[in-house]
Amino acid sequence: MTGLLYALSSLGAFALLAGIVLAIAQKAFHVDGDPMVDKIDALLPQTQCGQCGYPGCKPYATAIAAAEVEVNQCVPGGERTMLVLADLMGVKPKAVEQEATAPMLAFVREDECIGCTLCIKACPVDAIIGAPKQYHTVLADHCTGCELCVEPCPVDCIDMLVKPELIEHWAWPLPMTRRSKLGHARRDHHAGYA
Amino acid sequence: MPAMLRNLAQRLGMMAHGFTGGIHPENHKVSATLSSEPCPLSPVHILPMKMHIGEPCSPLVAVGDHVLRGQKIAKSEGYVSVPVHAPTSGRVVRIEQYAIPHPSGMGIPSIFIESDGDDVSDDSLEPIDDWRNTDPALLRERARKCGLAGLGGAVFPTFIKLVQDSRFPIEMVVLNGIECEPWLTTDHRLMLEYADEILSGLAITMHMVHAGAAIIAIEDNKPDAATAMRQALSEREGMDDVRVVLLPTRYPQGSEKQLIYALTGREVPAGKLPMHVGVLCLNVGTARALYQAVALGQPLTERMVCISGDAMPRPGNLRVRIGTPMRYVFAHQGLEDFESVRILHGGPMMGELLPHPDVPVVKSTNGMLAMRKASFVGVHTQEQACIRCGHCGEACPASLVPNLLADQCRSDQFDKAESYHLFDCIECGACSYVCPSNIPLVHYFRYGKGQIAQQRREKSFAEASRMRSVARDMRIEQEKQTRAARRSSVRKTHAPKDAPKAEAGAEVKAISQAGESGAATVADKTEQENKD
């Protein structure tokens, strides 16, 4: 009888102790928000274009973290983003359905602009400057090419241009040998992506 | 015991250190015996707005302007940059994009100058005869103003190196006359013909950085150049601490870090400059250009170019005005049909294969080679499996593991490649040269470096976009709150409308009291009203 009592009381004491430690730990190491969301958000290209069906990169990251949506919805991120997201989430890679276009840049034809400020309000990264009844212009260095400013323009004076290729940004292509192609095929195979 | 003896001899400076790795490609220095001659003035000169490492320049002239030789036509933007000068007198005819010597074949904004044939110089820069008593800072400014950039091929703005930093005093100046690339004879001819001017440039450099000693490094396949330099040295006074050192021929000895190690046994750490180990390294051509800039007041408008190659009808060493179209220079040496030749800008090991000859001679043009297509075709298409022979690792002057790095770059494992120090690769091509399986190793490294750079760029752009987006969301949120606050306050101000008139009157009085200074805010009114 005493043996049973000892066993029960010691187990109870341990349980109580563990409970206290866990309670303290929960307070001490509390993390605000889901750290996974920030991790995913850091991998997304931040164009804020909404092509994934969410109103920006952060909402899409939140949806991925909650496992509500596939990892292949980011169009500008393309295959590379999809692969790293699949790796992070531990899911099977799935091909991106929509082909990513070349990097674009919005351009306001200033002589047609009426200064309505609608595009300024639409720009997700504040890359358009101007004031009411003044010409607006796009800051080329900050434009992500999301095309969100094209739709609201009442006079259709915004063009999407292909971002000019700079010689400083030119990179050597992969040598076109049979083995180099083989190496890339092997990489795709390892990524589990066919 | 022999190792100990060698170590001792090296420490005492009796023996050169050598560097690890390296190869012995065939020399092919066919133009070594041909004395230099001036290249005739081309009818048009094309000056790209960036011929150095660093920030591009912006044009100072407009279409139609008349310019003189040596006149500044583009000013430098930013610190790591040097201006561009007109190579001859003439008229600016166009300012537009034009291809530069670059493997991509892409172009940058360039100024086109139609020469008038008179070749009148701009004499606004005074020669500094008494440079020995001139402030080094002034001489440094002169080097910048004259557009000096490393003429060995790297074109790093020279004035940045010519600085006295109390933390890193320069103990030794190394004059690089190695020229280890096959075919090229540019520096060789310079040392034979302009030994005296090179020494003057060296003396100016030593004065500028307060260096006590200097070494003129030459490979032992150019004994005549060493003799010429020694001869010139013996005729000079006050240059007792300058030595001419003959090093055993080995590629890539001319690479700055390898040369410094071979001469002094000091290793320049990754990401550091030679000045951090107390050494300043200058090409012999740059030293001569410094002499011309300081003692003659001439900006950099001309350079020695070696024109050679196995498809070149008449090899030679020409003093070419910077901006001369390459097609013109080739035509002057008898090459007009580019069907069956490939053109290299620089040497065959590190030079760039150009897609077409319609590019100008720039400050980095140390050689222009025309090679038969037959000596290229097939080499890079027959890549075979790595047999782990280890030759590439033995040949690598940076002590890397090329075969591993190539595998990692090929399969896009870039973070792994970086951890194996991909960025310490100097792209000398020694590994590709020795590879029995014909693996284009350097090409893989260039691909890897380019991809990593692109990923970094995209990452930083994404981060900047994210910050802008977050800032915008915060701003919108704030605006919404202010608007809400204003609306609620307005509602509260107008709320007591149904109240008895006397009370309303009291309230108005209270508000007017509160707002006596005329600066009462909506919030003030609300507060007052709440008290009521």
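Remember, predicted model here, so these are calculated numbers, not experimental data.

### Remarks on the overall build of chain B
For chain B, the count of helices and strands is 16 helices and 17 strands. Expressed as a percentage of the 532 residues in chain B, the buried residues total 45%. For chain B, long-range pairs separated by at least 24 residues make up 72% of all intrachain contacts whose partners lie at least 6 apart in sequence.

### Considerations on the sheet that holds strand S11 (residues 242-247) of chain B
Residues and elements named next belong to chain B. Pairing within the open sheet is parallel, and its four strands lie in the order S11-S10-S9-S12. In the strand order of this sheet, the two ends are held by S11 and strand S12 (279-283), each with one partner. Across the sheet, the mean angle from the axis of one strand to that of its neighbour is 25 degrees, orientation sign disregarded. For strand S9 (residues 172-177) and S12, the ladder comprises five bridges, and the chain directions are parallel. Looking at the pairing, Val173 lines up with Leu280 of S12. Along the sheet face, helix H8 (residues 284-295) touches S9 and S12 and points at about 85 degrees away from the line of S12.

### A look at the confidence of the model for chain B
For chain B, mean pLDDT is 88; residues scoring 70 or higher make up 89% of the total. Here residues 499-532 of chain B is modelled with pLDDT under 50, and outside its nearest four sequence neighbours on either side it reaches 24 contacts, counting other chains as well.

### A few points about helix H2 (residues 136-145) of chain B
Residue and element names in this part refer to chain B. Taken residue by residue, H2 has Leu139, Arg142, Ala143 and Arg144 as its buried positions. In the core, the buried residues of H2 are packed alongside helix H3 (158-161), helix H5 (195-209) and H8. Just downstream of H2 lies Gly147, where phi reads positive at about 75 degrees.

### Section: unusual backbone geometry
Between B:Tyr251 and the following residue, B:Pro252, the backbone shows a cis peptide bond with an omega angle of -5 degrees. Here A:Gln48, not a glycine, exhibits a phi torsion of approximately 55 degrees, which is positive. Turning to its location among the elements, A:Gln48 is positioned in the loop between helix H2 (35-43) and helix H3 (57-65). A positive phi is found at A:Asp156, a non-glycine position, where the angle reads about 50 degrees.

### Notes on the interface of chain A and chain B
On the chain B side, the residues contacting the 25 residues of chain A number 26 residues. Grouping the constituent residues of the side of chain A that touches chain B by class yields 10 nonpolar, 10 polar and five charged.

### Quick word on the pairing of strand S5 (residues 72-76) of chain B
All names here are of chain B. For S5, a buried count of four out of five residues is recorded, marking the element as mostly surrounded by other parts of the structure. Where strand S3 (residues 57-59) and S5 come together, three bridges link them in antiparallel fashion. Paired with Cys57 across the bridge in S5 is Ser76.

### A few points about the nonpolar core
B:Leu148, B:Val173, B:Val174, B:Leu175, B:Leu202, B:Ala214 and B:Ala217 are the most contacted members of the largest nonpolar core, which totals 128 residues. Looking at this core, the element that brings in the most residues is H5(B), giving nine residues. When we break this core down by domain, the ones giving at least three residues each are domain 1 (11-37 + 126-321) and domain 2 (395-493) of chain B. Core analysis: the next-biggest nonpolar cluster, separate from the first, contains 15 residues, A:Ile40, A:Leu43, A:Met82 and A:Leu83 among them.

### Some points on the packing of H2(B) against H8(B)
Two quantities define a packed helix pair, namely the angle between the axes and the distance from one axis to the other. Residues and elements named next belong to chain B. The geometry of H2 relative to H8 is characterised by a closest axis approach of 9 Å and an angle of 110 degrees between their N-to-C directions. One element, H2, and the other, H8, form an angle in the roughly perpendicular class. Note on element contacts: H8 touches H2 through Leu290, Ala293 and Val294, opposite Leu139, Arg142 and Ala143. A per-class count over the contact of H2 with H8 returns five nonpolar, no polar and one charged.

### Structural notes on the environment of B:Asn27
All names here are of chain B. Assignment of secondary structure puts Asn27 in the loop between helix H1 (2-11) and strand S1 (37-38). The exposure class of Asn27 is partly exposed, given the 15 C-beta atoms found within 10 Å. Along the chain, Asn27 and Asp337 lie 310 residues apart, while their C-alpha atoms are 26 Å from each other. Contacts of Asn27, omitting those with residues within four sequence positions, involve Pro182 and Asn221.

### Points about the domain arrangement of chain B
Residue and element names in this part refer to chain B. When the domains of chain B are assigned, the result is domain 1 (11-37 + 126-321) and domain 2 (395-493). Relative to domain 2, the C-alpha centre of domain 1 lies at a distance of 36 Å. At the interface, 11 residues of domain 1 touch 10 residues of domain 2. For the side of domain 1 that touches domain 2, a count of residues per class yields six nonpolar, five polar and no charged.

Conventions used here
Residues numbered from 1 in each chain as written. Chains lettered and ligands numbered in written order. Predicted model: local features only at pLDDT ≥ 70, side-chain atom pairs only at ≥ 80, totals over all residues. Helix = DSSP H or I, 4+ residues; strand = E, 2+ residues; numbered from the N terminus. Buried ≥ 20, exposed ≤ 12 C-beta atoms within 10 Å, placed from the backbone. Contact = placed C-beta atoms within 7 Å. Pairing = 2+ DSSP bridges. Axes fitted to C-alpha atoms, helices over the stretch in contact; angles between N-to-C directions. pLDDT = per-residue confidence, 0-100. Nonpolar A, V, L, I, M, F, W, Y, C, P; charged D, E, K, R; others polar. Core = buried A, V, L, I, M, F, W, Y, C linked by C-beta atoms within 7 Å. Domains from an automatic or database assignment. Parallel < 35°, antiparallel > 145°, perpendicular 65-115°, else oblique.

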